[in-house]
Amino acid sequence: MIGNTVGLAALALGWRRSILTWPAQLLSGLILVGAYASAHLSGGVGKQLLVIGVAAWGWWQWNRGRRHAQDGSIAVRFASWKERGLLLGGAVLGTLAVGGLFTLYPSLSWSPWADAYIFVGTLVAMIAQARGLVEFWFAWLLVDLVGVPLAFHSGLAFSGLVYVIYFALVLWGMRDWWLRTRTPALKGAHA
């Protein structure tokens, strides 16, 4: 519950384009590693370790990119068609690979394909977020469309509720970042 709540705070901080989103994601990942380890769910531990690694990279990326925004936060933009293709291709190939792994080793996941979709979608969203891409919100939206019903169906009501709140934050964050792409950058800002 604490790990999911911190993850919710991380998403809200991402919406505000606050660099604090990344330490919050790291903390959430560390808490969830402990939760999965205590439940003897090695697949969950492995997934959270990968999420922690992406969060550390995202934090580094945003530290580098803060000077590009009008207000000292991260500058946001839409992905190029090439970037979109890479994100989509990575999502498809990653889901196939992770779903295949979870199918071969059933102890890693209780729902191999849905779990792979959510896991890879989360990584794609975090990578897009680290790059300041508006598409980050679309990736989260797609994750939530599977995550919400799956959580409730699996009897994980608290996780389902958190996903419903994520869904609302995703819609608001998407709108905010979308509007920010229409705000001209400060003159003199350097790459």
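What counts, and at which threshold
Residues numbered from 1 in each chain as written. Predicted model: local features only at pLDDT ≥ 70, side-chain atom pairs only at ≥ 80, totals over all residues. Heavy atoms only, no water. Axes fitted to C-alpha atoms, helices over the stretch in contact; angles between N-to-C directions. Helix = DSSP H or I, 4+ residues; strand = E, 2+ residues; numbered from the N terminus. Left-handed = near helix turned anticlockwise from the far one by under 90°. Contact = heavy atoms within 4.5 Å. Nonpolar A, V, L, I, M, F, W, Y, C, P; charged D, E, K, R; others polar. Phe/Tyr/Trp six-rings, centres within 6.5 Å; stacked < 30°, edge-to-face > 60°. Buried < 20%, exposed > 50% of the residue type's maximum accessible area, 1.4 Å probe, protein only. Lys NZ or Arg CZ within 6 Å of the ring centre and 35° of its normal. Salt bridge = Lys/Arg side-chain N within 4 Å of Asp/Glu carboxyl O.

Visitor: What exactly am I supposed to notice about the packing of helix α4 (residues 81–104) against helix α5 (residues 112–130) here?
Guide: Two quantities define a packed helix pair, namely the angle between the axes and the distance from one axis to the other. Orientation of α4 relative to α5, taken along the N-to-C sense of each, is 145 degrees, at an axis distance of 8 Å. In the packing of α4 onto α5, the handedness of the crossing is right-handed. Contacts from L87, G90, A91, G94, T95, L96, V98, G99, G100, F102 and T103 of α4 reach α5 at P112, W113, D115, A116, Y117, F119, V120, V124, I127 and A128. In the contact of α4 with α5, the residues fall into 14 nonpolar, six polar and one charged.

Visitor: Even after reading the chapter, I still don't get the packing of aromatic side chains, so can you show me in this structure?
Guide: The final tally for this structure, using the stated rule, is seven aromatic pairs. With a centroid separation of 4.3 Å and an interplanar angle of 50 degrees, the aromatic rings of F136 and W137 are classed as tilted. Of the residues examined, W137 reaches a relative accessible area of 0% and is grouped as buried. Taking 5.1 Å as the distance between ring centres and 50 degrees as the angle between the ring planes, the aromatic pair formed by F136 and W177 counts as tilted. Of this pair, F136 sits in helix α6 (residues 135–153) while W177 sits in helix α7 (residues 157–180), and the two are 41 residues apart along the sequence. Here F136 falls in the buried class, since its relative accessible area comes to 0%. Here a set of aromatic residues connected by ring pairs shows up, and it is made of W22, W62, F136, W137 and W177. The ring of W81 is capped by R84, whose NZ or CZ atom sits 4.5 Å from the centre of that ring.

Visitor: Can you walk me through the pattern of salt bridges in this structure?
Guide: Think of it this way: side chains of opposite charge can pair up when their charged atoms draw near. Here the structure, examined in full by the defined rule, presents four salt bridges. With a closest N to O distance of 2.7 Å, R77 and E83 form a salt bridge. Judged by relative accessible area, R77 falls into the partly exposed class, the value being 34%. You can call E83 buried: its relative accessible area is 15%. Residues E83 and R131 are paired through a salt bridge, measuring 3.2 Å at the closest nitrogen-oxygen approach. Of this pair, E83 sits in helix α4 while R131 sits in the loop between α5 and α6, and the two are 48 residues apart along the sequence. Relative accessible area serves as the criterion here: at 39%, R131 is assigned to the partly exposed category.

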